[in-house]
Amino acid sequence: MSRNLSYINLRNISITDKLFGHYIKKIGEKILEHQWDILNDTDGADATYCIRNFRIAAGDIRGKREGVVFQDTDLYKWLESVAYSIAGGQAGAFEERAEEVIDLLERAQEEDGYLNTYFQINAPERKWKNLVEGHELYTSGHMMEAAVAYYEATGKTKFLEVAKKNADLICRIFGREEGQIRGYGGHQEVEIGLIKLYRVTGERKYLEQAKYFIDERGQKPNYFAEEMRRNDFPEFFPEFMKYDLEYSQADKPPVEQSEAVGHAVREMYMCSAMADLAEEYDDKPLRDACLRIWNNMVKRRMYITGGIGSSGFRERFTADYDLPNNTNYCETCASIGLMMFGQRMASVMGDAGYYDVVERALYNTVLAGINIEGDRYFYVNPLELVPEFCTEHTYMMHVKAERQKWFSVACCPPNVIRTLSSLGQYIYAKDDESLYIHEYISSSVKEDIGGVSYRVRMESDYLRKGDVSIELDLSGEGKVKLRIPYFSKKTFIKLDGKELDGDVKSGYALIALSSGKHKLDISFENSPRWIAANNNVRADSGRVALVKGPLVYCLEEVDNGDHLSEIYVKADEEIVETDDLSPVGEIPLLSYDGLRLKSKVDKDELYGEVHFDKEKVKLKAVPYSQWNNRGNGEMSVWQKIII
């Protein structure tokens, strides 16, 4: 079965947006070089050993392999980012360096296709023997994704052949035939890589192998349970003592799942593969499982910022409505996985509404994962923070008060970069007869669809006024489908100056176009407003959050003073868009009146008589995505309300 929606090659897309264009430009000018230096241990940060490990595996130098067991993936994600940036025209200077890295990978790869520096160097006798912890399949998946991206960007096949050789080995090693290992990966990812490899090569065995990994997961006898009994477990991660199978979604077959459970990134990567497979195989039970998991997550287990994974313990989902604001985890990678899952669900279900969630994650948690200079990163994304409470060896030690240069487990920094550098694939898509516009980000695209040439240029003031202007030039009759975002209560669409009815089906407005040049003018209702949480979200009882379009806003200490917990607001208070704009993206800052209630208990006492000072204050809110770019201080998304 063919996909409902196909992605458009990034070589055909150019992003000019004031917000996202800033980050994409930074990737080519600074970030790729910055991350390259870190991976080579020449940046002054703590050593990563990443590229050094590959050089040892290739026999270029001698030594012991260092770093976390899945360290190889940092280089693969860097290569994937290079590929996307080359395709987008921002990183041609890195192609020669990428070619040298690919040569290194080819030299490091064993004759049978095996490529994993930890097990090659430190423990060759342990290959494929600790799938729960070893991340061999996870690492291979990231290599496959990078290889496909590089091939699509450059047309060069060497890296693709390295990945295929590794995938061929995996197809021989794992399965239900005699002599094969009837296992699967502890951290899902290889499934995504195999599906991408299938789609670019047409070799169906890769698709079937991905399907096997999903179908076999959680079956009885349980492979992970038996493997842990065989091994001296845990081998790599002491925190895996008392490991529960739900953590890696291996307690039951994925098709039987009805809730978002376990490690949030693992869940999202698995669900992304499940959605792809449901579409490829027209598999209704798998599609229904995706729907159940999605609905449980977005209606009961997702933050207003698009963050997921509320527990700092094992980075996981917990229970319905358990959404604390200051101790939460909300790993950047998890929101990236949410974007991946939502993108695929839109294709499977033919419904634009999934992109509302993609957009929520992108504009808030994902962008918050990187500073505006591009060289500091958040792994954990709280919605409320008091810096002095984020201390080591406490329940808050996982939360950092400011973005970090790098991490010993550094999955998030290169993951943010590969996501932003591939952003064009979230803006546009196509089917056999239509161009889809899912995100209103200033850009241009050229593509042939159904024998018709489309040339499109979009100028967006989506975040300020809600206005979007799209110029189109078609060589024949065609169609455009526009996503109508959930927050726009009133949407006006004009085609060549004539207002259209705006008939919306499954979240899309369908625009039929004749041959030639056209102009679409779209106006979305995009005024600031207060949002409340479901009453079952105890952490947000009696609180409201401020949003404008897809953006969530927050208060920062630099604008509003410390002790943000003393601030109260009225839900009917007028919200004013100030003349001040955000440092990048020209996003309006918001101002409104509030009340500060300050306890008068003596400063030398912990408790005392009830007496409060009341003070009227003028408050300023900034986009959550850009908090912590002006120094260290308190931050809060949710604010107490006065009725």
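Each remark here, short or long, concerns the structure printed above.
(A) How the structure looks around the sheet that holds strand β13 (residues 516–524). Spatial strand order, β1-β5-β6-β7-β13-β9-β10: 7 strands in an open sheet with antiparallel pairing. In this open sheet, the two edge strands, each paired with only one partner strand, are β1 (13–15) and β10 (498–499). Note: strand β5 (residues 443–449) against strand β6 (residues 452–461), 7 bridges, orientation antiparallel. Paired with Ser444 across the strands is Arg457, a residue of β6.

(B) Local environment of the nonpolar core. Formed by 218 residues in total, the largest nonpolar core has its most connected members in Trp78, Phe159, Ile470, Leu482 and Val637. Ranked by residues supplied to this core, first place goes to helix α11 (residues 264–281) with 11 residues. Leave out the neighbours within four places in its chain, and Trp78 touches Leu32, Gln35, Trp36, Leu39, Phe94, Arg97, Val101 and Pro414. Counting residues in hydrophobic clusters, the runner-up holds 5 residues, among them Leu5, Ala352, Ala429 and Tyr436.

(C) Up close: the pairing of β5. Residues Ser443, Val445, Glu447 and Ile449 point to one face of β5 and are all buried, whereas Ser444, Lys446 and Asp448, pointing to the other face, are not buried. Relative to β5, β1 runs antiparallel, the two sharing 3 bridges. When the sheet's bridge partners are listed, Ile15 is paired in β5 with Ser443. Linking two consecutive strands that pair antiparallel, namely β5 and β6, is a turn of 2 residues; a positive phi of about 55° is found at Gly450 within it.

(D) Here's a closer look at the packing of aromatic side chains. One pass over the structure, following the stated rule, counts 35 aromatic pairs. Between Phe70 and Tyr138, the ring centres sit 6.1 Å apart and the planes meet at 80°, which makes this aromatic pair edge-to-face. Of the two residues, Phe70 sits in the loop between α2 (50–57) and α3 (72–87) while Tyr138 sits in helix α6 (residues 136–154), which places them 68 residues apart along the sequence. What makes Phe70 buried here is its relative accessible area of 9%. For the pair Phe119 and Phe236, a centre-to-centre distance of 6.2 Å together with 80° between the ring planes defines the contact as edge-to-face. Residue Phe119 is located in helix α5 (residues 117–121), and its partner Phe236 is located in the loop between α10 (223–230) and α11; the two are separated by 117 residues in the primary sequence. Three or more aromatic residues link up through ring pairs in this structure, and these residues are Phe70, Tyr118, Phe119, Tyr138, Phe233, Phe236, Phe237, Phe240, Tyr243 and Tyr247.

Here is what the cut-offs are and how they apply
- Residues numbered from 1 in each chain as written.
- Predicted model: local features only at pLDDT ≥ 70, side-chain atom pairs only at ≥ 80, totals over all residues.
- Heavy atoms only, no water.
- Pairing = 2+ DSSP bridges.
- Helix = DSSP H or I, 4+ residues; strand = E, 2+ residues; numbered from the N terminus.
- Core = buried A, V, L, I, M, F, W, Y, C linked by side-chain atoms within 4.5 Å.
- Buried < 20%, exposed > 50% of the residue type's maximum accessible area, 1.4 Å probe, protein only.
- Contact = heavy atoms within 4.5 Å.
- Phe/Tyr/Trp six-rings, centres within 6.5 Å; stacked < 30°, edge-to-face > 60°.

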